[in-house]
Amino acid sequence: MVNRFTEKTKTATIHLNILLILLTCTLAFGAYIKHESFGMACGWLGCRQTFFPSSTPELLQTLHRGLAGISAAYILFLTYWSFSKNWARSLQKRLLLGTLTVLLQLVIGAAVIENSIAIPWAVLHLAIGTALFAIVSEARIYLGGRAVVPVSGLKEIRPQGDRKSFD
């Protein structure tokens, strides 16, 4: 019988857990910035005439953007890695959806600043961030019940229940 929790599954689980922590911190800083009205502390490429923040609102805004950049790079890396390591197709699809969502989130985040935090843009930014968190959370939950084996590899392990496949 195939070991249900392969090394690939453990690796993917660890990386998705790290990504969820990064996204939680990014969302928390974003919510705090919105609540405290610090959204316009910086322009969209820098703070005032310098790249480095000089006040608490600027620092918090910079931390939010830094965490968002790290999260974006991490999900891009995980998506690439899932294809290069031949993870299960269903996990690859979830990570690819997350990548597309994070790219959209970055564009909308820039539009929020360009439009001086107009409510429709800010709500869209929040909605896409929430969707990204939901996509990554669902991928992690999905991973908890399956082994990450390539489709062409070992016999697929199905979760309990009468559904034929999660794909």
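K.L.:
Help me understand the packing of aromatic side chains, please; the structure alone is not making it clear to me.
P.N.:
By convention here, two paired aromatic rings are described through the distance between centres and the angle between planes. Counted by the stated rule, this structure contains three aromatic pairs. Relative to F77, the ring of Y74 has its centre 6.3 Å away and its plane inclined at 35°; by these criteria the two rings are tilted. One end of the pair is Y74 and the other is F77, both in helix α2 (residues 56-84) and three residues apart, which spans about a single turn. Note on Y74: relative accessible area 16%, which makes it buried. A relative accessible area of 37% means that F77 is categorised as partly exposed. With 5.8 Å between their ring centres and 55° between their planes, W81 and W87 make a pair best called tilted. We classify W87 as buried; its relative accessible area is 4%. Put simply, the rings of Y74, F77, W81 and W87 touch in pairs and so form one group of aromatic residues.

K.L.:
Please clarify how the packing of helix α3 (residues 89-114) against helix α4 (residues 119-144) should be interpreted in this entry.
P.N.:
Helix packing for two helices is described by the angle between their axes and how far apart those axes are. Contact geometry for α3 and α4: axes closest at 9 Å, N-to-C directions at 165°. Put simply, α3 runs roughly antiparallel to α4. Every pair of crossing elements has a handedness; the one defined by α3 and α4 is left-handed. A breakdown of the residues in the contact of α3 with α4 according to their chemical character gives 16 nonpolar, seven polar and two charged.

K.L.:
Explain the environment of V107 here, please?
P.N.:
Summarising the element assignment, V107 is placed in helix α3. Here V107 falls in the exposed class, since its relative accessible area comes to 54%. Between the alpha carbons of V107 and H125 there is a distance of 9.2 Å; along the sequence they are 18 residues apart.

Analysis parameters
Residues numbered from 1 in each chain as written. Predicted model: local features only at pLDDT ≥ 70, side-chain atom pairs only at ≥ 80, totals over all residues. Heavy atoms only, no water. Phe/Tyr/Trp six-rings, centres within 6.5 Å; stacked < 30°, edge-to-face > 60°. Helix = DSSP H or I, 4+ residues; strand = E, 2+ residues; numbered from the N terminus. Buried < 20%, exposed > 50% of the residue type's maximum accessible area, 1.4 Å probe, protein only. Axes fitted to C-alpha atoms, helices over the stretch in contact; angles between N-to-C directions. Parallel < 35°, antiparallel > 145°, perpendicular 65-115°, else oblique. Left-handed = near helix turned anticlockwise from the far one by under 90°. Nonpolar A, V, L, I, M, F, W, Y, C, P; charged D, E, K, R; others polar.

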